[in-house]
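One-letter residues, chain by chain:
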Amino acid sequence: MDRSQALRIAQDLQIQHSDVNRTLYFHGESMLPLLREADEIIVKPVAWADIRIGDVITYRLDDKYPTRRVVRKLNGWLELRCDNWPERRFYADQSAVLGRVVARGRDGRWVGCGEAVWKRAALLALLRFYARAAFGRALRMYSQAREKLRRAAPRTSAM
Amino acid sequence: MQYYAINTQQVTWEITDGEAVIIHFETSAYYGLNASGTYAWLRLAEGPVAADELAEKIALRYGKVRDSVAADVDGFLQTAIREDLVILAPGNGAASPNVAETSSLAGGYEAPRLTKFGELEKLILSGE
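Only a predicted model underlies this, so the values are computations on that prediction, with no experimental measurement involved. (Residues numbered from 1 in each chain as written. Chains lettered and ligands numbered in written order. Predicted model: local features only at pLDDT ≥ 70, side-chain atom pairs only at ≥ 80, totals over all residues.)

Colleague: For the overall build of chain B, give the residues involved together with the corresponding values.
Modeller: The helix and strand inventory of chain B stands at three helices and eight strands. In chain B, the share of contacts with a sequence separation of at least 24, taken over all contacts with a separation of at least 6, comes to 66%. (Helix = DSSP H or I, 4+ residues; strand = E, 2+ residues; numbered from the N terminus. Contact = placed C-beta atoms within 7 Å.)

Here is the structure:
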């Protein structure tokens, strides 16, 4: 086994065994307001059957570890979104999932995924996602209906 | 007699394609084991084991005689102790039974080897 292979496996282990003494860092603004730059996070392994819509999960993508919210669970796949970028969609294969984010540490204070603030963030993110999806669908239906009407309307012949 | 066991308070491991990768939580070091090292590691994972007992198991596995692998096993254990991956443990008072190997790997023997690859940095996760 070479060093890069070993590193990848070691990093997977590092994620799966994170706890308050062995935290991981979050980077970026994609999951605001729940997660922000330099937050400490803890990820725990999760069985596929236990993954729920609204969970924030970490998965392996090449040498990176994206951490995003589950908005849809498909057959062996997850559709994910970032709370702060709801327009971009991502997919994770079941085998790439490393765990679920279960806690966030900021300024020495920890918030767990069972707490109200965490659940509220999940609810708001999902509402935004579903509202956006419904609006998009309505817009498409409106455009299609308009196009049908335009085609059905009698054409005025050019003189 | 000295018994050896994995320092389970500080290490975890995963086996991929017959070779183990180990991480040490406190030092953040990560290591790789070759196939015979992984075999030795798994025997250690079963519970405290004496060096000669471990050598016996490895010899059986690889179709060798114990004395020919004893020094290798001793060296492997000393390295693992130095890295705090293995600790001295109270023995169970009786040698664990030698499980007959269903597949001897005669000819495939290579001394158990522990390779330190480096230290893990604090891992950064991102939504981007």
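Colleague: So what's going on with the nonpolar core? Residues and values would help.
Modeller: Of all hydrophobic cores here, the largest spans 32 residues; its most connected members are Val21, Ile22, Ala40, Ile58 and Val73 of chain B. Contributions of two or more residues to this core are made by helix H1 (3-16) of chain A together with strand S1 (3-6), strand S2 (11-16), strand S3 (19-24), strand S4 (29-33), helix H1 (35-45), helix H2 (51-62) and helix H3 (66-82) of chain B. For this core, the leading source of residues is H3 of chain B, giving five residues. For Val21 of chain B, the residues in contact, after removing those within four places along its chain, are Ala6, Ile9 and Ala10 of chain A together with Trp13, Glu14, Thr16, Tyr30 and Gly32 of chain B. The next biggest cluster of nonpolar side chains, apart from the first, holds 28 residues, and it includes Met31, Val97 and Val101 of chain A together with Leu123 of chain B. (Core = buried A, V, L, I, M, F, W, Y, C linked by C-beta atoms within 7 Å. Buried ≥ 20, exposed ≤ 12 C-beta atoms within 10 Å, placed from the backbone.)

Colleague: How would you summarise the interface of chain B and chain A if you had to cite specific residues and measurements?
Modeller: In this assembly, 18 residues from chain B lie in contact with 26 residues from chain A. Listed by contribution, the elements that provide at least two residues to the side of chain B that touches chain A are S2, S3, S4 and strand S8 (124-126) of chain B. Within the side of chain B that touches chain A, the residues separate by chemical class into nine nonpolar, five polar and four charged. Pairing between strand S1 (residues 24-27) of chain A and S8 of chain B: three bridges, direction parallel. (Nonpolar A, V, L, I, M, F, W, Y, C, P; charged D, E, K, R; others polar. Pairing = 2+ DSSP bridges.)

Colleague: Lay out the pairing of strand S4 (residues 67-73) of chain A with the relevant residues and their values.
Modeller: All names here are of chain A. Across three bridges, strand S3 (residues 56-59) lies against S4 in antiparallel orientation. By the bridge assignment for S4, Val56 is matched with Arg69. Two strands pair when backbone bridges link them, and S4 and strand S5 (residues 77-82) are joined in this way by four bridges, in the antiparallel orientation. Bridge pairing in S5 places Lys73 opposite Leu78. Remark: three residues form the turn of the hairpin made by S4 and S5, two consecutive strands paired antiparallel; Gly76 in that turn has positive phi of roughly 85°.

Colleague: Just give me the short version of H1 of chain A, but keep the residues and values in it.
Modeller: Taking 1.5 Å of rise per residue, 14 residues should cover 20 Å, and H1 of chain A covers 20 Å from first to last C-alpha, within 8% of that figure. For H1 of chain A, the set of buried residues is Ala6, Ile9, Ala10, Gln11, Asp12, Leu13, Gln14 and Ile15 of chain A. (Expected span 1.5 Å × (residues − 1).)

Colleague: Any chance you could break down the sheet that holds S3 of chain B for me, citing the residues and the numbers?
Modeller: All names here are of chain B. Spatial strand order, S2-S3-S4-S7: four strands in an open sheet with antiparallel pairing. Whereas interior strands pair on both sides, the edge strands pair on one side only; in this sheet they are S2 and strand S7 (114-119). Sheet twist, expressed as the average angle between the axes of neighbouring strands with direction ignored, equals 20°. Contacts from H1 reach S2, S3, S4 and S7, with the element oriented near 65° to S3. (Axes fitted to C-alpha atoms, helices over the stretch in contact; angles between N-to-C directions.)

Colleague: Describe the packing of H1 of chain B against H2 of chain B, with residues and values.
Modeller: All names here are of chain B. Put simply, H1 and H2 touch, their axes get as near as 10 Å, and they point 130° apart. Accordingly, the angle class assigned to the pair H1 and H2 is oblique. Note that H1 runs across H2; the crossing there is right-handed. Residues Ser36, Tyr39, Ala40 and Arg43 of H1 form the contact with H2, whose participating residues are Leu54, Lys57, Ile58, Arg61 and Tyr62. Tallied by class, residues from the contact of H1 with H2 come to five nonpolar, one polar and three charged. (Parallel < 35°, antiparallel > 145°, perpendicular 65-115°, else oblique. Left-handed = near helix turned anticlockwise from the far one by under 90°.)

Colleague: Please provide a residue-by-residue account of unusual backbone geometry, values included.
Modeller: For the peptide bond that leads from Leu32 of chain A to Pro33 of chain A, omega is 5°, which places it in the cis range. By the element assignment, Pro33 of chain A lies in the loop between S1 and strand S2 (40-44). One non-glycine residue, Ser28 of chain B, lies in the positive phi region at around 65°. Mapping Ser28 of chain B onto the fold places it in the loop between S3 and S4. The class of Ser28 of chain B is partly exposed, set by 16 C-beta atoms lying within 10 Å. A positive phi angle, near 65°, is found at Asp84 of chain B, a position not held by glycine. One can find Asp84 of chain B in the loop between H3 and strand S6 (86-89). Taking the C-beta count within 10 Å as the criterion, Asp84 of chain B has 15 such neighbours and is therefore assigned partly exposed.

By themselves, these are just geometric observations and shouldn't be taken as functional.
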